Amino acid sequence: MDENKIIITGLSKSYWNKRALDQVDLVIEQGMFGLLGRNGAGKTTLMKILATLLPKGEGKISVCGVPIEHTKEIRKITGYLPQDFSMYPSMRIEEAMDYLGILSGIETKERRARTEQLLRRVNLLEHRKEKVKALSGGMKRRLGIAQALLNDPKVLIVDEPTAGLDPEERIRFRNLLCEVAEERIVILSTHIVGDIEATCEKIAILNEGQLLYNGTVDELLEKARGQVYTKEADRREVPRLKKEFRITSMHTQNNRVYLRFLSETPVPGAQVCEPNIEDAYMLYLYRNGVRSLDDGLGGES
Amino acid sequence: MLFWQEIKKLAGSVVYVLFVAVLIMELSSQGVFSFHDKLEEPQPGENYGIHNEEIPELVMPAAIKELFQEYTWNQYTTYPIGLYKNVKLKEKEKAQMAEILSELTGIKAERFSVEKDAELQKGISEHEIAPRADLTYEEFKACMERADRLLGGGSDYAPDALIGFGKVPVTYEDARVEYQLVKDKDQFTGGYARLFSDYAGVMAMAILPVFLSVALCLKDRRNKMSQLVYSRKVSSAVLVGVRYAAILTVVMVPVVILAYYSNSKVWNLYEGMQLDYLAPLKYAFGWLLPSAMVSAAVGMFFTELTGTPIAIAVQCFWWFLDLNAGYKNISSSYGLFRLAPRHNAGTLSRFRVLDFTSNFDRLVQNRLLMAGLALVLVVLTIFAYDWKRRGKIGERFKIRSVFAAAPDRKNKSAA
């Protein structure tokens, strides 16, 4: 049933001589879908193409059975929360929602009902009379989700939503996304591995425009099993270990250092441990020739 | 609904408060809120002013005297492209001008070519400066045309400007005819509304709306709201059209109110007379709206296309040219391409209603042309906005994005 899927076939996109996306094939089904990749991997380009804010290059995209070229139809069934957004600062929250609801072509009665329902859902109902400029970063993101859901979209596209949020707001935001994903496709693009781990069952990894991985989180973890180690070492050993292994985390206690690192062969004196998604992601990037990780930790530890 | 939201956005902005303040200050400085001159019915024996007619016997001596004066000081006033220019001739050109003066007056050219101006004045008496006895009007016009060309054009000696030298006193009969026209056609209030429109057009409507439209169009980007708006279902045509209508509404509301405020000041001067109470409304929409339309449309088009406030510079430049083009003919100027037509005539000249009625068709053509141009710019704005929404041009003008897909197409065709 294509009605509940996004099907991307052979998608490429170039900006002059830079290939932002290169032959991407992807099927995204209902629920949370994580798009992981470093900055500049092509995530935002893909998000913008899906939100009809950028023309696609080569390839085909169908969103819930609608070809991406049918811009108006696509905009009717998608909600978009951009990476860097705000609203008119002097508008009250409910006014901003009303304005965006009008632009979405929602009738007055329905618009008011949806606004109240969504503001309640994102815990902003009691702040509805406050001006947008008075909101904290986290509240603004929640308002962002509410506005993106105004037209009750089949697809919600969320680009780097947790950057800059404090841990409490980040957790609250992730939970909100999970709730929302029960009834639609939610594409979460991020370079923060923790966000994906906490929310997504299926993920894709993009690097330099190419799709490196497309599958479940469990499969990705399985691929890393037996290749993640922990070791307690003396502080003086750290430079040597850094050269030898790809370290994914490290913390210090007095003169002792607790390291977590990747290795394809057994390491004497180190214990094999359960991989987390960050380990698996790093390992996957490395296996696929992303060598810049050697210089230090990647992702967010 | 969207219309009211856009109105709220505009009317609540600082730019709009400034717009209204500047509008009131500019119009107030021109005295349009304190009209008190009553147009009286002409009585025999009064001075009824002057008007221009191209009567050779009047035009030729006046024009030749003026040319001689300017030659004497070697300073000629011209408006070559509408802008004021003070022309000084070089020696060779001075000699050519002396030839022209010689042909016009019959005085030998050498007498004009005395090097020092002081000696020149001593050499030729004022009485000698008169048309040659056998000078025909055709010869005179040909000489004046040469003089105009020598000055680079735009002088008072250009064939179509010579009428300015034919000053004829208005007769009692003519004054009565004009008074009757004011009474019947203008119904008095029309003349005052016209004067209001002259000032409001040139000082406000031709320039101020551009600031509002630029501010509105940049508001989304400045508030990082563009992508939220772009990704909505609303069509670009509806959004741009509604925003344009909202700008014109907030511009015209204070203009109409001020037009009525200005006009109402004279209503009690004409008690018992038939007055046209709709005159301020007719002139606001017929005369001023097209100027506001074009100014707002320039603002929208260039702002959406470039993502910068460059439209302000564009409109200011056009306005400056137009202002100077009208400087020469401030009393009436209805050129087809005028941004703000001029008809600056006080009550004492009976609103120059004959001049207005005889130029009415040209005025209508001009206003329709400006309104049409504005609508064309709005259509182009819709295309620019839609391109931007689809990522074909960047937030700031990066036309290269339009071609960004080119390599993809190339690859595709190769495949």
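Here is what the cut-offs are and how they apply
Residues numbered from 1 in each chain as written. Chains lettered and ligands numbered in written order. Predicted model: local features only at pLDDT ≥ 70, side-chain atom pairs only at ≥ 80, totals over all residues. Heavy atoms only, no water. Helix = DSSP H or I, 4+ residues; strand = E, 2+ residues; numbered from the N terminus. Expected span 1.5 Å × (residues − 1). Core = buried A, V, L, I, M, F, W, Y, C linked by side-chain atoms within 4.5 Å. Buried < 20%, exposed > 50% of the residue type's maximum accessible area, 1.4 Å probe, protein only. Contact = heavy atoms within 4.5 Å. Axes fitted to C-alpha atoms, helices over the stretch in contact; angles between N-to-C directions. Parallel < 35°, antiparallel > 145°, perpendicular 65-115°, else oblique. Left-handed = near helix turned anticlockwise from the far one by under 90°. Nonpolar A, V, L, I, M, F, W, Y, C, P; charged D, E, K, R; others polar. Domains from an automatic or database assignment. Salt bridge = Lys/Arg side-chain N within 4 Å of Asp/Glu carboxyl O. Polar contact = N/O pair within 3.5 Å; in protein donor to acceptor, adjacent residues only side chain to side chain. Pairing = 2+ DSSP bridges. Arc of directions from axis to C-beta. Phe/Tyr/Trp six-rings, centres within 6.5 Å; stacked < 30°, edge-to-face > 60°. Buried area = accessible area lost by both parts, 1.4 Å probe.

Asker: Would you mind going over helix α16 (residues 360-389) of chain B with me for this structure?
Answerer: Each α-helix turn comprises 3.6 residues. Residues three or four places apart therefore point the same way. With 30 residues, α16 of chain B extends 43 Å between its outermost C-alpha atoms, agreeing within 8% with the 44 Å of an ideal straight helix rising 1.5 Å per residue. G391 of chain B, located one to two residues past α16 of chain B, shows a positive phi value of around 75°.

Asker: Could you clarify how one ought to interpret the nonpolar core in this entry?
Answerer: Within soluble globular proteins, side chains that are nonpolar generally end up buried alongside one another. Counting residues in each nonpolar core, the largest one holds 178 residues, and the members touching the most others are V63, I145, I187 and I205 of chain A. Among the elements that take part in this core, helix α13 (residues 279-306) of chain B stands out by supplying 15 residues, more than any other. When sequence neighbours within four positions are dropped, the list of residues in contact with I145 of chain A reads L81, V122, L156, V158, F173, L176 and L177 of chain A.

Asker: Would you explain the packing of helix α9 (residues 189-205) of chain B against α13 of chain B in this entry?
Answerer: Packed helices, taken two at a time, are described by their axes: the angle between them and the distance between them. Residue and element names in this part refer to chain B. Running from amino to carboxyl end, α9 crosses α13 at an angle of 15°, the nearest separation of the two axes being 9 Å. Put simply, α9 runs roughly parallel to α13. Crossing angle aside, the handedness with which α9 passes α13 is right-handed. Touching T189, G190, A193, R194, F196, S197, D198, A200, G201 and M205 of α9 are A279, P280, Y283, W287, L288, S291, A292 and S295, all from α13. Partitioned by chemical class, the residues of the contact of α9 with α13 number 10 nonpolar, six polar and two charged.

Asker: I'm lost on the domain arrangement of chain B in this one. Help?
Answerer: By a frequent convention, interface size equals the accessible area lost on bringing the separate parts together. When cut into domains, chain B gives domain 1 (2-41 + 175-403) and domain 2 (50-169). Between domain 1 of chain B and domain 2 of chain B, the C-alpha centre-to-centre distance is 40 Å.

Asker: For this particular structure, what's the right way to read the domain arrangement of chain A?
Answerer: Residues and elements named next belong to chain A. The domains assigned to chain A are domain 1 (2-221) and domain 2 (222-295). Using C-alpha coordinates to define each centre, domain 1 is positioned 33 Å away from domain 2. Counting residues at the interface gives 16 residues for domain 1 and 15 residues for domain 2. The interface formed by domain 1 and domain 2 includes zero salt bridges. The interface formed by domain 1 and domain 2 holds 12 residue pairs in polar contact (both at pLDDT 80 or more) in total. Contributions of two or more residues to the side of domain 1 that touches domain 2 are made by β3 (31-37), α7 (193-199), β9 (202-207), β10 (210-216) and α8 (217-224). The leading source of residues in the side of domain 1 that touches domain 2 is α8, at five residues. Across the side of domain 1 that touches domain 2, the residue classes break down as 10 nonpolar, two polar and four charged.

Asker: Explain the pairing of strand β13 (residues 256-262) of chain A here, please?
Answerer: Along a regular strand, successive side chains alternate from one face of the sheet to the other. All names here are of chain A. Most of β13 is tucked away: five of the seven residues are buried. Where strand β11 (residues 228-234) and β13 come together, seven bridges link them in antiparallel fashion. Within β13, the position partnered with E232 by the bridge is Y258. Bridging between strand β12 (residues 246-253) and β13 involves seven bridges; their strand directions are antiparallel. Counterpart to Q253 in the pairing with β13 is R256. Linking β12 back to β13 in an antiparallel pair, the connection comprises two residues, with N254 at a positive phi of about 50°.

Asker: Looking at this structure, how should I read helix α4 (residues 108-121) of chain A?
Answerer: Residue and element names in this part refer to chain A. An ideal rise of 1.5 Å per residue puts 20 Å on 14 residues; α4 measures up with 20 Å between its terminal C-alpha atoms. Three or more residues of α4 are buried, namely R111, R114, T115, L118 and L119. End-on, the buried residues of α4 take up no more than an arc of 125°, which puts them together on one face. Turned more than 90 degrees away from the buried face of α4 sit K109 and R112, all of them exposed. Trailing α4 by a residue or two, N123 shows a phi angle of about 60°, which is positive.

Asker: When you look at the packing of aromatic side chains in this model, what are you seeing that I'm missing?
Answerer: How two aromatic rings sit relative to each other is set out by the distance from centre to centre and by the angle between their planes. Residue and element names in this part refer to chain B. Taken as a whole, this structure holds 24 aromatic pairs over all chains when the rule is applied. On the basis of an interplanar angle of 20° and a centroid distance of 5.8 Å, the ring pair of Y16 and F19 is categorised as stacked. Of this pair, Y16 and F19 both sit in helix α2 (residues 14-29), three residues apart, which is roughly one turn of that helix. Both residues of the pair, Y16 and F19, belong to the buried class.

Asker: Would you take a moment to explain the sheet that holds strand β5 (residues 66-67) of chain A for this structure?
Answerer: Paired through backbone hydrogen bonds, the strands of a sheet run either parallel or antiparallel to each other. Residue and element names in this part refer to chain A. Ordered by their spatial adjacency, four strands build an open sheet running β2-β1-β4-β5, and the pairing between neighbours is antiparallel. This sheet does not close on itself; its edge strands, each paired only once, are β2 (18-28) and β5. As paired strands, strand β1 (residues 6-15) and strand β4 (residues 58-63) are joined by five bridges and run antiparallel to one another. Looking across to β4, one finds that S12 is bridged to E58.

Asker: Quick question: what am I supposed to make of the interface of chain B and chain A here?
Answerer: Counting residues at the interface gives 32 residues for chain B, matched by 38 residues for chain A. The contact between chain B and chain A buries some 3,400 Å² in all, and 57% of this surface belongs to carbon and sulfur atoms. At the boundary of chain B with chain A, the tally comes to one salt bridge. D84 of chain A is paired through a salt bridge with K224 of chain B; the nearest N and O atoms lie 3.4 Å apart. Ranked by residue count, the leading element in the side of chain B that touches chain A is helix α1 (residues 2-11) of chain B, at five residues. Split by residue class, the side of chain B that touches chain A holds 10 nonpolar, seven polar and 15 charged.

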